[in-house]
Amino acid sequence: MNTLVPLGDQAALAYFEDEAAALRFAAAMRQGKEAWLVDVVQAYTSVAVFFDLDRTEFKSVAEHLRKVEQRSPELDADLEARLHQIPCCYTLQQDLPRVAASTGLTAEEITRLHAGTEYTVYAIGFCPGFPYLGYLPAALWGVPRLEAPRLRVEAGSVGLTGRQTGIYTEDRPGGWNIIGRTPLELVNVADCYFPLHTGDRVRFQAIDEAEYHRLQGRRLEWT
């Protein structure tokens with residue numbers, strides 16, 4: 001743990017050297033199930049631990065977190081991670097030519113590389129349930145965002161930029177390069193349906209448009 005600081009009056013924010021250390025620590029905290037624990041939120045190399053102020057205070061929480069950190073390297077965070085197979089139709093895209101021009105790859109090579117990589121959910125944000133997935137294979141790194149964001153990106157759109165890929169879970173404005181679309185419902189706020197969590201693993205499965213329409217509206221299942 002590089003740094004541990006208060007986050008408001010009901011949370012502690014810990015920073016780690018890398019994503020793997022943060023994942024292990026977050027998994028260890030969730031396993032502990034302390035009575036005062038409200039939530040554990042990982043975002044890349046940081047972990048926010050929210051606590052019940054009626055049950056404890058920052059000093060006691062900080063002492064507990066340092067003890068958990070000493071044990072967390074022994075934990076294999078992958079044991080808790082769920083593997084999600086997410087179908088993606090790469091012909092329902094808007095920016096494959098732009099990505100091809102930036103990387104020097106063909107559309108077929110981009111699709112093969114993107115679908116052939118296993119990603120980790122390193123953060124959830126931007127809109128409800130939006131997974132920030134890392135990391136792209138090196139050949140796909142560095143594609144810039146659009147110069148002007150689209151006013152509407154359809155839910156299910158799979159995008160990439162920099163070293164990351166992600167999935168728009170709702171219709172939103174957005175500036176990532178859209179290279180495909182999943183037919184699955186990945187968020188339903190009314191039902192409190194949020195199947196993707198930090199630490200989970202994701203693989204994309206290339207499908208054609210007929211399969212896209214067959215699966216449209218189904219919910220994500222995991223193995």
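Here is what the cut-offs are and how they apply
Residues numbered from 1 in each chain as written. Predicted model: local features only at pLDDT ≥ 70, side-chain atom pairs only at ≥ 80, totals over all residues. Heavy atoms only, no water. Axes fitted to C-alpha atoms, helices over the stretch in contact; angles between N-to-C directions. Helix = DSSP H or I, 4+ residues; strand = E, 2+ residues; numbered from the N terminus. Parallel < 35°, antiparallel > 145°, perpendicular 65-115°, else oblique. Contact = heavy atoms within 4.5 Å. Nonpolar A, V, L, I, M, F, W, Y, C, P; charged D, E, K, R; others polar. Expected span 1.5 Å × (residues − 1). Buried < 20%, exposed > 50% of the residue type's maximum accessible area, 1.4 Å probe, protein only. Arc of directions from axis to C-beta. Polar contact = N/O pair within 3.5 Å; in protein donor to acceptor, adjacent residues only side chain to side chain. Pairing = 2+ DSSP bridges. Salt bridge = Lys/Arg side-chain N within 4 Å of Asp/Glu carboxyl O.

*Asks:* So, the packing of helix α3 (residues 96–103) against helix α4 (residues 107–115): which residues are in play, and what are the values?
*Replies:* How two helices pack is summed up by the angle between their axes together with the distance between the axes. Here α3 crosses α4 at 90°, and the two axes come no closer than 9 Å. The orientation of α3 with respect to α4, classified from their angle, is roughly perpendicular. Where α3 approaches α4, its residues L96, V99, A100 and T103 are matched on the opposing element by A107, I110 and T111. Of the residues assigned to the contact of α3 with α4, the class counts are five nonpolar, two polar and no charged.

*Asks:* Tell me about helix α2 (residues 58–71), and name the residues and values.
*Replies:* End to end, α2 covers 20 Å across 14 residues, agreeing with the expected 20 Å (1.5 Å per residue, within 8%). Those residues of α2 lying buried are V61, A62, H64, L65 and V68. The buried side chains of α2 occupy one side of the element, clustering within an arc of 165° when seen end-on. Facing away from the buried side of α2, by more than 90 degrees, are the exposed residues K59, K67 and Q70. Here the buried face of α2 lies against β1 (3–6), β2 (11–15), α1 (19–32) and β4 (46–51). Measuring from the backbone nitrogen of K59 back to the side-chain oxygen at the start of α2 gives 2.9 Å, which picks out E57 as the cap.

*Asks:* Lay out unusual backbone geometry in plain terms, naming residues and giving numbers.
*Replies:* Most peptide bonds adopt trans geometry, and most residues besides glycine take a negative phi value. A cis amide bond, omega -15°, links G134 with the succeeding residue Y135. Among the structural elements, Y135 can be located in the loop between β7 (131–134) and β8 (150–153). Despite not being glycine, K33 has its phi angle at roughly 55°, a positive value. Within the secondary structure layout, K33 lies in the loop between α1 and β3 (37–43). One non-glycine residue with positive phi stands out, namely C192, at about 55°. By the secondary structure assignment, C192 is in the loop between β12 (177–181) and β13 (201–207).

*Asks:* Give me the lowdown on the pairing of β12, citing residues and values where you can.
*Replies:* The element β12 is extensively covered by neighbouring structure, given that five of its five residues are classed as buried. Bridge analysis of strand β9 (residues 157–161) against β12 gives four bridges, and the strand direction is antiparallel. What sits directly across from S157, in β12, is R181.

*Asks:* Before we move on, could you go through the pattern of salt bridges and cite the residues and values that matter?
*Replies:* Here the structure, examined in full by the defined rule, presents twelve salt bridges. With a shortest N-O distance of 3.9 Å, R203 and E118 are connected by a salt bridge. You can see R203 sitting in strand β13 and its partner E118 sitting in strand β6 (residues 118–124), a full 85 residues away along the chain. Owing to a relative accessible area of 25%, R203 belongs among the partly exposed residues under this scheme. Classification of E118 by relative accessible area gives partly exposed; the value is 36%. R172 is paired through a salt bridge with E170; the nearest N and O atoms lie 2.8 Å apart. Through salt bridges with shared partners, a single network forms among R152, E154, D171 and R181.

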